[in-house]
Amino acid sequence: MKLFILYQTDIWKSKASRVCFGIFDSRNKAIDSAKYNGLYCSCADVVVEEVTLNLFEENQN
């Protein structure tokens, strides 16, 4: 199952500036929520990150 995490971030999209605004079951619902709550502006950007539920992966560095 795919989940979509909605973040608002600075214009450089740095991970340190991310603020989580919700988890959704579709990308369209996340984007609609961002528009409804006014998360899009000139000094901030919106990131919707897709994650898979119940999936284990090891980091290969």
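Structure shown above.
Note that the structure is predicted; figures quoted are calculated from it, not measured. (Residues numbered from 1 in each chain as written. Predicted model: local features only at pLDDT ≥ 70, side-chain atom pairs only at ≥ 80, totals over all residues. Heavy atoms only, no water.)

Another point: the nonpolar core. Counting eight residues, the largest nonpolar core consists of F4, L6, F24, A30, A34, L39, V46 and V48. Within the residue set of this core, elements represented by two or more residues are β1 (2-9), α1 (27-36) and β3 (45-52). With sequence-adjacent residues up to four places away left out, L6 is seen in contact with V19, C20, F21, G22, F24, A30, S33, A34, L39, V46, V47 and V48. (Core = buried A, V, L, I, M, F, W, Y, C linked by side-chain atoms within 4.5 Å. Buried < 20%, exposed > 50% of the residue type's maximum accessible area, 1.4 Å probe, protein only. Helix = DSSP H or I, 4+ residues; strand = E, 2+ residues; numbered from the N terminus. Contact = heavy atoms within 4.5 Å.)

Time to look at the sheet that holds β3. One open sheet accounts for three strands, arranged β2-β1-β3; its pairing is antiparallel. Both edges of this open sheet fall to β2 (19-24) and β3, since each of them pairs with a single strand only. Averaged over all neighbouring strand pairs, the angle between strand axes comes to 25°, with direction disregarded. With eight bridges joining them, β1 and β3 adopt antiparallel strand pairing. What sits directly across from L6, in β3, is V48. Docked against the sheet, α1 engages β1, β2 and β3, running at close to 155° with respect to β3. (Pairing = 2+ DSSP bridges. Axes fitted to C-alpha atoms, helices over the stretch in contact; angles between N-to-C directions.)

Looking now at the pattern of salt bridges. Applying the stated criterion to the full structure yields five salt bridges. A salt bridge links E49 to R18; its shortest N-O distance comes to 2.9 Å. With E49 in strand β3 and R18 in the loop between β1 and β2, the pair connects residues that are 31 residues apart, well separated along the chain. Notably, a salt bridge pairs D25 with K29, separated by 3.1 Å at the nearest N-O pair. Exposure remark for K29: the relative accessible area of 47% places this residue in the partly exposed category. (Salt bridge = Lys/Arg side-chain N within 4 Å of Asp/Glu carboxyl O.)

These results come straight from atomic positions and should not be treated as a statement about function.
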